[in-house]
Amino acid sequence: MSTPAIRSVLVCGASGFVGRRIVRSLREAGLAVTAGTSRSQDFQQDLSPDVWLPRVTGFDAVVNAVGLLRDTARRQLEPVHHQAPAALFEACARAGVARVIQISANGVAHSPTRYATTKRAADEVLLRLRAEGRLDGTVLRPSIVFGRGGASAALFMTLARLPLLVLPRAAVQAQVQPVAVPDVALAVLRLLQDGGPEIVTAVGPRALSLCAFIGELRRQRGQAPARVVPLPDAPSRWSARLGDLVSGQPWSSESLALLEQDNIGDAAAFERLLGRPSVPVEQFVEAAWASDV
């Protein structure tokens, strides 16, 4: 699909963890970026293409980096993850926006969680518009994204301070492939500049268990290995249900369900997109945490 040079970009979710880094990366590359935030866009209420059409008209590209961990009293996954993005993508097609990037998540293709099914529904809308030739759309699906400002990264850094880790058995067994947030932002820049396949999996160079990942963060902090106690399945579910009752933190039944499946991908393919090696997990604290101090 032939697409003109991308110069002006609207980034939805620009005040979020990943969105902030995307905005920074695009501006450093000389692109004209408009930062869309909750002050100007309401993904809970803006569910019609007619609402989005005047907002996207005139832009060369749009990036959607809006996301929720779970339902809250004020914001629900279905409108925020699915209905509003679907309206946004249709408006982009009508307005002639050349390129659209949807920030999704690795593992949503087969997970039955509400987080995954709502993300997947929006992904499928964008992929259908691409298949119809109405716009050039790519779904970027990162594994666990690590960096300062991320809720999950903050949890991992907190856990890395503890000499005794009581972790769900799934966290000890399942494989993850964490990716540094600067690499996710660079991937968006590359996709805007050069285009890409319909789905890109953003992963770091090495797969490891979540338990081993936390241990690696401890090593980077200069701490000795922690003692790890696997929590059986039933207590893990109980702790997750308690987490369901406390909004604004990442541990929940949805999080546990996502941890129970491997979250890995093709590191070589992602590095080809970046045009350089991705940040190794052994350098995460320096490159993606301390660098944002």
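Anything mentioned here points back to the structure above.
Residues numbered from 1 in each chain as written. Predicted model: local features only at pLDDT ≥ 70, side-chain atom pairs only at ≥ 80, totals over all residues. Heavy atoms only, no water.

(A) Up close: the pattern of salt bridges. According to the stated counting rule, one finds 11 salt bridges in the structure shown. Linking arginine 128 and glutamate 132 is a salt bridge whose minimum nitrogen-to-oxygen distance equals 3.4 Å. Note on glutamate 132: relative accessible area 45%, which makes it partly exposed. Between aspartate 136 and arginine 130 there is a salt bridge whose closest N-O contact spans 3.3 Å. A relative accessible area of 21% places arginine 130 in the partly exposed class. Members of the salt-bridge network, linked through shared partners, are Asp50, Glu90, Arg94 and Arg134. (Salt bridge = Lys/Arg side-chain N within 4 Å of Asp/Glu carboxyl O. Buried < 20%, exposed > 50% of the residue type's maximum accessible area, 1.4 Å probe, protein only.)

(B) Fine view of the packing of aromatic side chains. Taken as a whole and assessed by the stated rule, the structure comprises six aromatic pairs. With a centroid separation of 5.8 Å and an interplanar angle of 35°, the aromatic rings of phenylalanine 146 and tryptophan 289 are classed as tilted. You can see phenylalanine 146 sitting in strand S6 (residues 145-146) and its partner tryptophan 289 sitting in helix H12 (residues 284-289), a full 143 residues away along the chain. Accessibility expressed as a relative area gives 0% for phenylalanine 146, which makes it buried. Each ring, one from phenylalanine 156 and one from phenylalanine 213, has its centre 5.5 Å from the other, and the planes form 75°; the classification is edge-to-face. Here the residue phenylalanine 156 occupies a position in helix H5 (residues 151-159), and phenylalanine 213 occupies one in helix H8 (residues 210-220), the gap between them amounting to 57 residues. Residue classification places phenylalanine 156 among the buried residues on the basis of a relative accessible area of 7%. Through a chain of ring-to-ring contacts, the aromatic side chains of Phe146, Phe156, Phe213, Phe284 and Trp289 assemble into a single cluster. When the ring centre of tryptophan 52 is taken as origin, the NZ or CZ atom of arginine 55, which lies over that ring, is 4.8 Å away. (Phe/Tyr/Trp six-rings, centres within 6.5 Å; stacked < 30°, edge-to-face > 60°. Helix = DSSP H or I, 4+ residues; strand = E, 2+ residues; numbered from the N terminus. Lys NZ or Arg CZ within 6 Å of the ring centre and 35° of its normal.)

(C) Layout of the sheet that holds strand S2 (residues 32-36). The sheet built from six strands is open, its strands ordered S2-S1-S3-S4-S5-S10 with parallel pairing. Edge positions in the open sheet fall to S2 and strand S10 (199-202), since each of these has one partner strand only. Here the average twist between neighbouring strands, direction ignored, is 20°. Note that strand S3 (residues 61-64) and strand S4 (residues 99-103) share four bridges and pair parallel. Note that in S4 the partner of valine 62 across the bridge is valine 100. The strands touched by helix H4 (residues 114-131) within the sheet are S4, strand S5 (136-142) and S10, with S5 carrying the most contacts at an inclination of about 150°. Here helix H7 (residues 181-194) sits on the sheet in contact with strand S1 (8-12), S3, S4, S5 and S10, set at roughly 160° to S4. (Pairing = 2+ DSSP bridges. Axes fitted to C-alpha atoms, helices over the stretch in contact; angles between N-to-C directions. Contact = heavy atoms within 4.5 Å.)

(D) Structural detail: the packing of H5 against H8. Contact geometry of H5 with H8 gives a least axis separation of 8 Å together with a crossing angle of 70°. Taken together, H5 and H8 sit at an angle that is classed as roughly perpendicular. Between H5 and H8 lies a crossing of right-handed hand. Seen from H5, the contacting residues are Phe156, Met157 and Leu159; seen from H8, they are Leu210, Phe213, Ile214 and Leu217. (Parallel < 35°, antiparallel > 145°, perpendicular 65-115°, else oblique. Left-handed = near helix turned anticlockwise from the far one by under 90°.)

(E) Local environment of the environment of glutamate 254. Relative to the helices and strands, glutamate 254 resides in helix H10 (residues 253-259). Residues glutamate 254 and glycine 243, spaced 11 residues apart in sequence, show a C-alpha to C-alpha distance of 9.8 Å. Apart from the residues lying within four places of it in its own chain, the contact partners of glutamate 254 are Thr113, Arg114 and Tyr115.

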